[in-house]
Amino acid sequence: MDQHRQHDRILILDYGSQYTQLIARRIREERVYCEIHPPTHGLDWIREWNPNGIVLSGGPSSVYGTDGPTADPELLRMGIPILGICYGMQLVAHLEGAEVEQGRREYGRAELTIVEPDELFDGFDPAEPTTVWCSHGDHVDAPPPGYRMLASTPTLPVAAFRAEDREVYGVQFHPEVAHTPRGEEVLSNFLFKICRCTPTWTAGAFIDETVAQIREQVGDRATVCGLSGGVDSSVAATLVYRAIGEQLTCIFVDNGVLRKGEREAVERTFRKHMGMRLIVVDARAEFLRALEGVTDPEAKRVAVGNTFIRVFERVAEEEGTDAGFLVQGTLYPDVIESLAVRGPSATIKTHHNVGGLPEEMHFALVEPLRELFKDEVRQVGRELGLPEEFVGRHPFPGPGLAIRVLGEVTEERLHVLREADAIYLEEIRAAGLYDDIWQAFAVLLPVRSVGVMGDARTYEDVVALRAVTSRDGMTADWYHFPHEVLARISTRIINEVAGVNRVTYDISSKPPATIEWE
């Protein structure tokens, strides 16, 4: 984005690794701006983007594969520092004339010995091996001509190398993952000792630049914000309000797939803390009609996204507001998961506010958070002075309970899920665990099970519980509840929610699962 050009920044070329987002997160944590882009961009585009350094990510391909992504060899001679990670290192070796050996698969921890500290391993003691995480099938036995070896492991003769005459580096391990304990030091050395970046990417700087960009984009046009009450839309609304003031009207839509008491809670807390104009719209019937008979998750997202836009357009017209812009709390993970813009990486799912929007609509979009991860949004929210009840809320998807009622969405099934979900969150808060969890919610499964209640046979619904810990939503681990808390939640749901006789707990991590079930 042009408004961030005054910051030093790193370009990440994504070759399809599941860890690419972690590279971006680690760099952002060092207060250096970065973006992920496909490796198909040409050299002229890269020069125009003007990065201080380039990271070539890992990926599932082989450099010898017929469809393996590659790079222009001149990329390595542009005078821009480069760090190739895993596949990125193999690609550098291949482009520079070295043999990339095939067939030695290695997944797990390894002990790295530093042969030459150089700037990349500044602060490392060559006499003390350090643990690193490997995940590769190919490897390099000898560095390319004009390169020297910096580190090795018992199974990798060349675990790191660098060019003799240029700041081009490669590492076969993954410094971005938590399983490489000193990986952050490697990345920090690359950013500050090699790329000579200055750590200026802060929440305060982002606010100042984004407010200026919003003013330039919107001008004097009226603008509406689709407010959900979650952290993303609340922070987005606050940023836009700071930029254009009373030109902004916030619209909260009761879409019929909200949690129990959601509408009342959002209206109460928003009016108390935010001070902006708020219109509350009851569109439950409209959304449920759009979802009637729809069972495919992607179709649900499209139905919800399209209906939201039509409601916003209708309300703007009814209010006599010639609104030209719609504010959305779209985040970077939404964009990454929804759009196949990153070369070999796959679309995971469409988010209702990215890929689920209609092709034709009356609004231009204002998405001030589009480049941020969730934890960065929370930092911006706190910098803006938002109360913790907004900033600390668990994420809630735009399609709401429509993607937590698996299968067909009906009033009856929504009622069952609302009651079960309310009990679940109530018990989490009562146990003092809410702030330890990234996201927790209940899911109504499209199956029924046999049970026995009061000596009678039952054949009723099954509820699954999901709770995860995460830093940014791109990866997640299931939360380890105390057993007595899970037992209490299960007992209450079965006893208090009519139509449920079985409760399960989801212990899947992301990947391979996503956080939401649909």
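Owing to the predicted nature of the structure, the values given are computational and were not obtained by experimental measurement.

Trainee: Looking at this model, I keep getting lost on the packing of helix α5 (residues 203–218) against helix α6 (residues 231–244). Mind explaining?
Mentor: Viewed as axis vectors pointing N to C, α5 and α6 meet at an angle of 65°, and their least axial separation amounts to 9 Å. For the pair α5 and α6, the crossing hand works out as right-handed. Every residue of α6 that contacts α5 at Phe206, Ile207, Thr210, Val211, Ile214, Arg215 and Val218 is listed here: Leu239, Val240, Arg242, Ala243 and Ile244. A breakdown of the residues in the contact of α5 with α6 according to their chemical character gives 9 nonpolar, 1 polar and 2 charged.

Trainee: Looking at this model, I keep getting lost on the packing of aromatic side chains. Mind explaining?
Mentor: Remark: the centre distance and the inter-plane angle together describe each pair of aromatic rings, the angle taken between the planes. Applying the stated criterion across every chain, the model contains 14 aromatic pairs. Aromatic pair tyrosine 147 and phenylalanine 161: ring centres 5.2 Å apart, planes at 70°, arrangement edge-to-face. One end of the pair, tyrosine 147, is in strand β9 (residues 147–152); the other, phenylalanine 161, is in strand β10 (residues 160–163), and 14 residues separate them in sequence. Accessibility assignment for this pair places tyrosine 147 and phenylalanine 161 in one class, buried. Grouping aromatic residues by their ring pairs yields a cluster made of Tyr424, Trp478, Tyr479, Phe481 and Tyr505. Between arginine 378 and the ring centre of tryptophan 438, over which it is positioned, the NZ or CZ distance is 5.5 Å.

Trainee: Honestly, the sheet that holds strand β7 (residues 130–136) in this entry has me stumped. Any pointers?
Mentor: The 9 strands are arranged β2-β1-β3-β4-β11-β10-β9-β6-β7 in an open sheet whose pairing can be described as mixed. Each of the sheet's edge strands pairs with one partner strand only, and the pair in question is β2 (33–37) and β7. Across the sheet, the mean angle from the axis of one strand to that of its neighbour is 25°, orientation sign disregarded. Sheet topology places strand β3 (residues 53–56) next to strand β4 (residues 82–85); 3 bridges connect them, and they run parallel. Bridge pairing in β4 links isoleucine 54 to isoleucine 82. Across the sheet, helix α1 (residues 20–29) lies against β1 (9–13), β2, β3 and β4, angled at about 165° from β2, the strand it touches most.

Trainee: Is there a simple way to explain helix α9 (residues 297–318) in this structure?
Mentor: Side chains that are three or four residues apart share a direction in an α-helix, a result of its 3.6 residues per turn. Given a rise of 1.5 Å per residue, 22 residues ought to cover 32 Å, and the 32 Å separating the end C-alpha atoms of α9 matches this to within 8%. For α9, the N-terminal capping position is held by aspartate 296, with its side-chain oxygen 3.1 Å away from the main-chain nitrogen of glutamate 298.

Conventions used here
Residues numbered from 1 in each chain as written. Predicted model: local features only at pLDDT ≥ 70, side-chain atom pairs only at ≥ 80, totals over all residues. Heavy atoms only, no water. Axes fitted to C-alpha atoms, helices over the stretch in contact; angles between N-to-C directions. Helix = DSSP H or I, 4+ residues; strand = E, 2+ residues; numbered from the N terminus. Left-handed = near helix turned anticlockwise from the far one by under 90°. Contact = heavy atoms within 4.5 Å. Nonpolar A, V, L, I, M, F, W, Y, C, P; charged D, E, K, R; others polar. Phe/Tyr/Trp six-rings, centres within 6.5 Å; stacked < 30°, edge-to-face > 60°. Buried < 20%, exposed > 50% of the residue type's maximum accessible area, 1.4 Å probe, protein only. Lys NZ or Arg CZ within 6 Å of the ring centre and 35° of its normal. Pairing = 2+ DSSP bridges. Expected span 1.5 Å × (residues − 1). Polar contact = N/O pair within 3.5 Å; in protein donor to acceptor, adjacent residues only side chain to side chain.

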